[in-house]
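Descriptive analysis of the structure
Single-letter residue listing:
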Amino acid sequence: MSLLPWQTGTVIRLEEETYNTRRFWIEVQGQETFGFIPGQFVTLDLPIHEKPNKRWRSYSIASWPDGSNVFELLIVLLEGGVGSTYLFNEIKVGSELTLRGPLGHFTLQPEHLEKNIFMICTGTGIAPFRSMAHHLLRNNIPHQHIYMIFGCRTKKDLLYYQEMNDLALDNFHYLPTLSREEWEGKTGYVHALYEEQCSGKPDAVFFLCGWKNMIDEARERIVAMGYDKKAIHLELYG
Ligand SMILES: Cc1cc2nc3c(=O)[nH]c(=O)nc-3n(C[C@H](O)[C@H](O)[C@H](O)COP(=O)(O)OP(=O)(O)OC[C@H]3O[C@@H](n4cnc5c(N)ncnc54)[C@H](O)[C@@H]3O)c2cc1C
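As a starting point, this report considers the structure included with it. (Residues numbered from 1 in each chain as written. Predicted model: local features only at pLDDT ≥ 70, side-chain atom pairs only at ≥ 80, totals over all residues. Heavy atoms only, no water.)

For the rest of this paragraph, the subject is the site of the ligand. Around the ligand sit 19 residues in total, of which Arg57, Ser58, Tyr59, Gly83 and Ser84 are the nearest. Contact distances for the ligand include 2.9 Å between a nitrogen atom and a backbone N or O atom of Leu74. Isolated, the ligand exposes 970 Å² of accessible area, and the fraction of that covered by the protein chains is 69%. More than half of the atoms belonging to the ligand lie within 2 Å of the grid points that define the second largest pocket. Among the secondary structure elements, those contributing two or more residues to the shell around the ligand are β4 (56–60), β5 (70–76), α2 (82–90) and β12 (232–236). (Near = heavy atom within 4 Å. Polar contact = N/O pair within 3.5 Å; in protein donor to acceptor, adjacent residues only side chain to side chain. Areas by Shrake-Rupley, 256 points an atom, 1.4 Å probe, with all protein chains shown as cover. 1 Å grid on protein atoms, 1.4 Å probe; cavity = no way out; pocket = protein on both sides within 12 Å on 5 of 7 lines; lining within 4 Å. Sits in = over half its atoms within 2 Å of the grid points. Helix = DSSP H or I, 4+ residues; strand = E, 2+ residues; numbered from the N terminus.)

Set out below in structure tokens:
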């Protein structure tokens, strides 16, 4: 299969989502529509190294297909992270980015919509699920229960919090949990939340997105509950 060509995108809007995450709106040059399936990502080629493959950083598309040539990314600034530091320090409105995409197979298939869907994520791992949830709503796509289980440390790390609370999608259960702060909502890691919902072993598929520790543990626990490995879909950020 031949690789998609590199394209140029212009950053048309930037907004701080939290103290260490930023939303980037990118307009793809030379095409009217940037088509993608919710859950897919783009790869950016950043001028941070001589070797091409050391310059590439991938980001899930946080917005949903709307027929335009603009899409949104949600990026966290990592301490010592070469690519994210470049994106936060050097990229302004009007900057150009070299990108390839859409890429990836972390997407909802028709058979998934007949089961309960668990969207389990930490941090910016919420991005592909935000895209999927809005897409289902916007296109009135029939589905079973959807549990979006989002973990972060403290209240100030919550991403798209109000938006997800307000999302008028049928059978959508937004379950944010904090691991390092007491608040009016759930506390602890994400794992107890899907385990509780799955205690009666409902027919379910699991989509996991984020960093390795969470994903490895979730995968083990889901299999330990008796679910087939084939019911688990992963997008590993690093
Ligand atoms: C398919 C895909 C989609 C992605 N989507 C997103 C997205 O939507 N938003 C987003 O912010 N990132 C996303 N990432 C991660 C992103 O590609 C980069 O890896 C990230 O921005 C760090 O790059 P960097 O150059 O700043 O850090 P680097 O200089 O590459 O160093 C980062 C190092 O720290 C480790 N690390 C970094 N952060 C963490 C963390 N929070 N917890 C644990 N270990 C960590 C990494 O494993 C790595 O070794 C995605 C990755 C993939 C593969």
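Let's shift gears to the sheet that holds strand β11 (residues 204–210). With parallel pairing, six strands are arranged side by side in an open sheet as β10-β9-β8-β7-β11-β12. Here the strands that pair on one side only, and so sit at the sheet edges, are β10 (186–187) and β12. Of the strands in this sheet, β7 (116–122), β8 (146–152), β9 (172–178) and β11 are in contact with helix α3 (residues 127–138), which crosses β11 at around 135°. Strands β7, β11 and β12 of the sheet are contacted by helix α6 (residues 212–224), whose axis makes an angle of about 165° with β11. (Pairing = 2+ DSSP bridges. Contact = heavy atoms within 4.5 Å. Axes fitted to C-alpha atoms, helices over the stretch in contact; angles between N-to-C directions.)

What follows concerns the nonpolar core. Ranked by internal contacts, the top residues of the largest apolar core, which has 31 residues, are Ile117, Ile126, Phe129, Met148, Phe150, Phe172 and Phe207. Taken together, the elements giving at least two residues each to this core come down to β7, α3, β8, β9 and β11. It is α3 that contributes the most residues to this core, five residues altogether. Among residues more than four places away in sequence, those in contact with Phe172 are Ala133, Ile146, Met148, Met164 and Leu167. (Core = buried A, V, L, I, M, F, W, Y, C linked by side-chain atoms within 4.5 Å. Buried < 20%, exposed > 50% of the residue type's maximum accessible area, 1.4 Å probe, protein only.)

Moving on: the layout of surface pockets. Sizing a probe to match a water molecule and rolling it over the atoms shows the empty space that remains. By volume, the largest pocket amounts to about 890 Å³. Every residue lining the largest pocket is counted, 28 residues in all, and those nearest its centre are Thr122, Gly123, Cys152, Arg153 and Trp211. Every element with two or more residues in the lining of the largest pocket is listed here: β8, β9 and α6. When residues in the lining of the largest pocket are grouped by element, the largest group, four residues, is from α6. Estimates place the volume of the second largest pocket at around 370 Å³. (Points joined across faces, edges and corners; volume = space filled by probe spheres on them.)

Between side chains of opposite charge, a pair can form as their charged atoms come close. Enumeration according to the criterion identifies 14 salt bridges in this entry. Between Glu72 and Arg130 there is a salt bridge whose closest N-O contact spans 3.1 Å. Of the two residues, Glu72 sits in strand β5 while Arg130 sits in helix α3, which places them 58 residues apart along the sequence. With a relative accessible area of 3%, Arg130 lands in the buried category. Beyond isolated ion pairs, a larger network of salt bridges with shared partners links Arg13, Glu15, Glu17, Arg23, Glu72, Arg130 and Glu163. (Salt bridge = Lys/Arg side-chain N within 4 Å of Asp/Glu carboxyl O.)

On to the packing of aromatic side chains. How two aromatic rings sit relative to each other is given by the distance of their centres and the angle of their planes. Throughout the structure, instances matching the rule amount to 12 aromatic pairs. With a centroid separation of 6.1 Å and an interplanar angle of 70°, the aromatic rings of Phe24 and Phe88 are classed as edge-to-face. Placement of Phe24 in strand β2 (residues 21–28) and of Phe88 in helix α2 is noted, with a sequence separation of 64 residues between them. Neither Phe24 nor Phe88 differs from the other in exposure class; each is buried. (Phe/Tyr/Trp six-rings, centres within 6.5 Å; stacked < 30°, edge-to-face > 60°.)

Read these as geometric descriptors, not functional statements.
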